[in-house]
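Chain residues, written in single-letter form:
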Amino acid sequence: MAGLTNLREPPVDRMIPGSLYVIATPIGNLRDASARSIEVLRAADLIACEDTRTSRTLLARHAISGHTVALHEHNERATAAKLVQAMHAGKNVALISDAGTPALSDPGALLVEQAHRAGIRVIPIPGPSAAVAAFSASGFPAERFLFAGFLPAGRAARRKALGGLDLPWPVILYEAPHRVLETLEDLAERFGVAREVVIARELTKKFEDVARLPLGEARDWLLADPHRQRGEFVLVLAPGESRPAQTLEAERVLEALLEALAPSEAARAFCTARRSSAPSRIRPMDRLTLKRPDDWHLHLRDGPAMASVLADSARRFARAIVMPNLKPPVRTTQQALAYRKRIVRALPPRAAFEPLMTLYLTDDTPPEEITRAKLSGQVFGVKLYPAGATTHSDEGVTRLSRCFHVLEKMSEVGMPLLIHGESTDPAIDVFDREKAFIEEILGPTVDRFPELKVVLEHITTRDAVQYIEVTGPNIAATITAHHLLMNRNALFMGGIRPHHYCLPVLKREDHRDALVEAAASGSPKFFLGTDSAPHARRAKETACGCAGIYTAHAAIEFYAVAFEEAGALDKLEGFASVFGPQFYGLPVNRDSITLVREAWKAPARLKFGRDELVPLRAGETIPWKLL
């Protein structure tokens, strides 16, 4: 490397107009910020931050008052275009992430790419990196390494990804605290208990840990102290043996066989593969007992129609967040309490089911109504329907800025905002409306009200999953069973399938994969919400059918099917029974339900008031049954 600059020179280069400065910032200890990075940040015209709230701490410490702009993965394309325009106009832009080096498992790569394509000079200001810091403390051979970032959240996808990481050099991984134990178990299963790993936790912070130990001891090390499962993790996997290319190819073939065959059949089909490379197979579970789950998004309708469907939910769930989009909608606390009484009166005898009520947000909702709702003890959320977005949303919000005074009151009293997250702009493709809503409406709203509790309901896209993962603990999401089980092909198999039509509409398979990974990840930011929405058969099988899928007749059974397909039945209880109550500040239910592996046929039709409805998978066999 070239020698250091003469230390008598000024600490910062003269700023070059219209340039992009990519600046590494501290990963924990604010004193790790270099003098050069601070001087550049002070001189920059604009500072692009992954999260302006997080960066505020660093900037305030060093008296940096430059104009900040949020640039994260959900607005990066639009914001990058504006920043390129600013640089063409002569402005200097500094790019920083929440911690470490931008564009390394963090946003920023798109802005850097666009700057290069626009002929803008890109100037790196090097500094802290969690990956490099952990590797430097590992003691593993330093000729080369692979940075693999975050593995897939879903266990099945993660195990598949590990197949490509058995390399003759170290591999660096990032991992979230709620998944690190499971990931270390998967590493031990895939690479053997003797393979070493370095666990670097909370690097440069007060409770920093760096431990090098065999994978077989990693689990016990983490469990020995509950604090060791908290914070941010970097894992450095020791290099594997250097093996001939034909051996690696043999293992890839074996893994492909194992996806299609039983282990013994795969071994016979390709007996030259090493036995240790084959993932273990656990005998399928035949009985599953869970703490009684709750449904955090349910449509019950009213009157005789409600009486027809209520028992299905009451049998499976202890509580449910009941949607307010009746005709007319439930706009006031008084109306919500009256609706609650009608639900309770319609319950089957001895049913232990508690409806949790919500209000329908409009342009005219007064802040005082939020106070009344909170004091009632029976209203647990306020539902935002963009006007015209879905069934019975005509009286919804036309412009969210008209509700800012209400959102301020909700932040103050701790009332969650429950969002149908779709843009209603007719120029936006129906399959892109969730992404557009997040970028154009939700992101700026959360920035404006950072303490507001938000549930983005029935998410359908990888974009939504990623947004929820990177935001704070006050932002969560519900996921439906039908979005876990079906992609948009289900709308057209054998012709138009009106009973598979819902809003948000089913999406591509890669989005469904992302939902499954999120639901099965063990993250408390994702929990069960069926969005079971009954409609009369004649209202669905018509020229302009209603949006909504009825799943309450087999809701928890459907989730069991989805989680089993993901190889994650052990994660179902957290998703269905624990994470929702935790978010809403309610106790976890003490009683339980039991599912058994016993095939039964879903009814072809169900009574719905004076009409009938067609449930999901009508007349089809369901492999799990509620006792």
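The structure we're discussing is the one just above.
About the criteria used
Residues numbered from 1 in each chain as written. Predicted model: local features only at pLDDT ≥ 70, side-chain atom pairs only at ≥ 80, totals over all residues. Heavy atoms only, no water. Helix = DSSP H or I, 4+ residues; strand = E, 2+ residues; numbered from the N terminus. Rg over C-alpha atoms; globule rule 2.2 N^0.38 Å. Contact = heavy atoms within 4.5 Å. Lys, Arg positive; Asp, Glu negative; His and termini not counted. Charge placed at Lys NZ, Arg CZ, Asp CG, Glu CD. Buried < 20%, exposed > 50% of the residue type's maximum accessible area, 1.4 Å probe, protein only. Pairing = 2+ DSSP bridges. Right-handed = clockwise from strand over helix to strand, strands pointing away. Axes fitted to C-alpha atoms, helices over the stretch in contact; angles between N-to-C directions. Polar contact = N/O pair within 3.5 Å; in protein donor to acceptor, adjacent residues only side chain to side chain. Phe/Tyr/Trp six-rings, centres within 6.5 Å; stacked < 30°, edge-to-face > 60°. Lys NZ or Arg CZ within 6 Å of the ring centre and 35° of its normal. Parallel < 35°, antiparallel > 145°, perpendicular 65-115°, else oblique. Left-handed = near helix turned anticlockwise from the far one by under 90°. Nonpolar A, V, L, I, M, F, W, Y, C, P; charged D, E, K, R; others polar. 1 Å grid on protein atoms, 1.4 Å probe; cavity = no way out; pocket = protein on both sides within 12 Å on 5 of 7 lines; lining within 4 Å. Points joined across faces, edges and corners; volume = space filled by probe spheres on them.

1. So, the overall build of the chain
Okay, so step 1: Each helix and strand counted, the chain has 21 helices and 23 strands in total.
Okay, so step 2: Relative to its length of 627 residues, the chain is compact, with a C-alpha radius of gyration of 27 Å against a globular reference of 25 Å.
Okay, so step 3: Taken along the three principal axes of its C-alpha coordinates, the chain extends 85 × 65 × 50 Å.
Okay, so step 4: When contacts within the chain are restricted to residue pairs at least 6 apart in sequence, those whose partners lie at least 24 apart make up 72%.
Okay, so step 5: Here the chain holds 78 positive side-chain charges and 75 negative ones, and the gap between their average locations is 3 Å.

2. Observations concerning the pairing of strand β15 (residues 379–384)
Okay, so step 1: Most of β15 sits out of view: six of its six residues are buried.
Okay, so step 2: Sheet analysis places strand β14 (residues 354–360) next to β15, joined by four bridges and oriented parallel. Bridge pairing in β15 places Leu-359 opposite Val-382.
Okay, so step 3: Tracing the backbone out of β14, into helix α13 (residues 367–376) and back to the parallel element β15 gives a crossover that is right-handed.
Okay, so step 4: As paired elements, β15 and strand β16 (residues 417–419) share three bridges and run parallel to each other. Considered in β16, the bridge of Lys-383 is made with Leu-418.
Okay, so step 5: On the question of chirality, the crossover connecting β15 to the parallel β16 by way of helix α14 (residues 404–413) is right-handed.

3. Comments concerning the sheet that holds strand β3 (residues 67–70)
Okay, so step 1: Pairing in this open sheet of five strands is parallel, and the strands run β3-β2-β4-β1-β5 from one edge to the other. Two strands bound the open sheet, and with one partner strand each, they are β3 and β5 (122–125). Between one strand and the next, the sheet's axes are offset by a mean angle of 25 degrees, whatever the strand orientation.
Okay, so step 2: When strand β2 (residues 46–49) meets strand β4 (residues 93–96), the two strands line up parallel, connected through four bridges. The residue bridging Leu-46 from the neighbouring strand is Val-93, located in β4.
Okay, so step 3: Along the sheet, helix α4 (residues 109–117) makes contact with β1 (20–23), β4 and β5, crossing β1 at roughly 150 degrees.

4. Things to note about the side chain of His-297
Okay, so step 1: Along the chain, His-297 turns up in strand β12 (residues 295–298).
Okay, so step 2: Polar contacts involving the side chain of His-297 include one to the side chain of His-299, which spans 3.3 Å.
Okay, so step 3: Residues in contact with His-297, not counting those within four places in the same chain, are Ile-321, Met-323, Lys-383, Glu-457, His-458, Thr-478, Gly-529, Thr-530, Asp-531 and Ser-532.

5. What to know about unusual backbone geometry
Okay, so step 1: A cis amide bond, omega 0 degrees, links Lys-327 with the succeeding residue Pro-328.
Okay, so step 2: Within the element layout of this structure, Pro-328 appears in the loop between β13 (319–322) and α12 (333–346).
Okay, so step 3: The omega angle of the peptide bond from Leu-503 to Pro-504 is 0 degrees, so this bond is cis rather than trans.
Okay, so step 4: Structurally, the position occupied by Pro-504 is in the loop between α17 (481–485) and α18 (509–519).
Okay, so step 5: Its identity as a non-glycine residue notwithstanding, Ala-63 has a phi of 55 degrees, on the positive side.
Okay, so step 6: One non-glycine residue with positive phi stands out, namely Asp-531, at about 55 degrees.
Okay, so step 7: Mapping Asp-531 onto the fold places it in the loop between β19 (526–528) and α19 (537–540).

6. Brief notes about the environment of Glu-422
Okay, so step 1: With respect to the element layout, Glu-422 can be found in the loop between β16 and α15 (433–448).
Okay, so step 2: As for Glu-422 and Phe-527, which are separated by 105 residues in sequence, their C-alpha atoms are 20 Å apart.
Okay, so step 3: Residues within four places of Glu-422 in sequence aside, it is in contact with Pro-386, Ala-389, Val-430, Arg-433, Glu-434, Phe-437, Leu-503, Pro-504 and Val-505.
Okay, so step 4: Looking at Glu-422, its side chain comes within polar contact range of the side chain of His-420, at 2.8 Å.

7. Concerning the sheet that holds strand β9 (residues 209–214)
Okay, so step 1: Taken together, the five strands give an open sheet; going across it, the order is β6-β7-β10-β8-β9, and neighbouring strands pair in mixed fashion. Where the open sheet ends on each side, the last strands, each with one partner, are β6 (146–150) and β9. Strand-to-strand, the axes of this sheet are offset by a mean angle of 15 degrees, without reference to chain direction.
Okay, so step 2: Both strand β7 (residues 171–175) and strand β10 (residues 233–237) contribute to a ladder of five bridges, which runs antiparallel. Of the residues in β10, the one forming a bridge with Glu-175 is Phe-233.
Okay, so step 3: Against the sheet, helix α7 (residues 180–191) makes contact with β7, β8 (196–201) and β10, and its axis sits at roughly 5 degrees relative to β10, the strand it touches most.

8. Brief notes about the packing of aromatic side chains
Remark: the centre distance and the inter-plane angle together describe each pair of aromatic rings, the angle taken between the planes.
Okay, so step 1: Going through the model one piece at a time under the given rule, you end up with twelve aromatic pairs.
Okay, so step 2: For the pair Trp-296 and Tyr-584, a centre-to-centre distance of 4.6 Å together with 10 degrees between the ring planes defines the contact as stacked. Residue Trp-296 is located in strand β12, and its partner Tyr-584 is located in helix α21 (residues 572–584); the two are separated by 288 residues in the primary sequence.
Okay, so step 3: Residues Phe-527 and Phe-583 carry aromatic rings whose centres are separated by 5.8 Å and whose planes lie at 40 degrees to one another, so their mutual orientation is tilted. Of this pair, Phe-527 sits in strand β19 while Phe-583 sits in helix α21; the two residues are 56 residues apart in sequence, bridging distant segments of the chain.
Okay, so step 4: Residue classification places Phe-527 among the buried residues on the basis of a relative accessible area of 0%.
Okay, so step 5: Put simply, the rings of Trp-296, Phe-527, Phe-583 and Tyr-584 touch in pairs and so form one group of aromatic residues.
Okay, so step 6: Over the aromatic face of Trp-169 sits the side chain of Arg-144, whose NZ or CZ is 4.7 Å from the ring centroid.
Okay, so step 7: Taking NZ or CZ as reference, Lys-453 lies 4.4 Å from the ring centre of Phe-583, over its face.

9. Points about the side chain of His-511
Okay, so step 1: Relative to the elements of secondary structure, His-511 occurs in helix α18.
Okay, so step 2: Judged by relative accessible area, His-511 falls into the buried class, the value being 9%.
Okay, so step 3: Among the polar contacts made by the side chain of His-511, one reaches the main-chain amide nitrogen of Arg-462 at a distance of 2.9 Å.
Okay, so step 4: Residues within four places of His-511 in sequence aside, it is in contact with Thr-460, Thr-461, Arg-462 and Asp-463.

10. Focus: the packing of helix α6 (residues 155–162) against α7
Okay, so step 1: In the contact formed by α6 and α7, the axes pass within 10 Å of each other and the chain directions differ by 40 degrees. In terms of axis orientation, α6 runs oblique to α7. Crossing of α6 over α7 shows right-handed handedness. Contact with α6, carried on its side by Arg-155, Arg-158, Arg-159 and Leu-162, involves Glu-182, Thr-183, Glu-185, Asp-186, Leu-187, Glu-189, Arg-190 and Phe-191 of α7 and no other residues of that element.
Okay, so step 2: Counted by class, the contact of α6 with α7 contains three nonpolar, one polar and eight charged residues.

11. Section: empty space enclosed by the protein
Once rolled over the atoms, a probe with the size of a water molecule shows which space is left empty.
Okay, so step 1: Summed over the entire model, instances satisfying the criterion amount to five cavities of 30 Å³ or more.
Okay, so step 2: Taken as a whole, the largest cavity encloses approximately 170 Å³ of empty space.
Okay, so step 3: For the largest cavity, the lining is made up of 14 residues, of which Glu-50, Asp-51, His-72, Val-470 and Thr-471 are closest to its centre.
Okay, so step 4: Looking at the lining of the largest cavity, the elements that each hand over two or more residues are α15 and α16 (462–470).
Okay, so step 5: For the lining of the largest cavity, the leading source of residues is α15, giving three residues.
Okay, so step 6: Residues belonging to the lining of the largest cavity are distributed by class as follows: five nonpolar, three polar and six charged.

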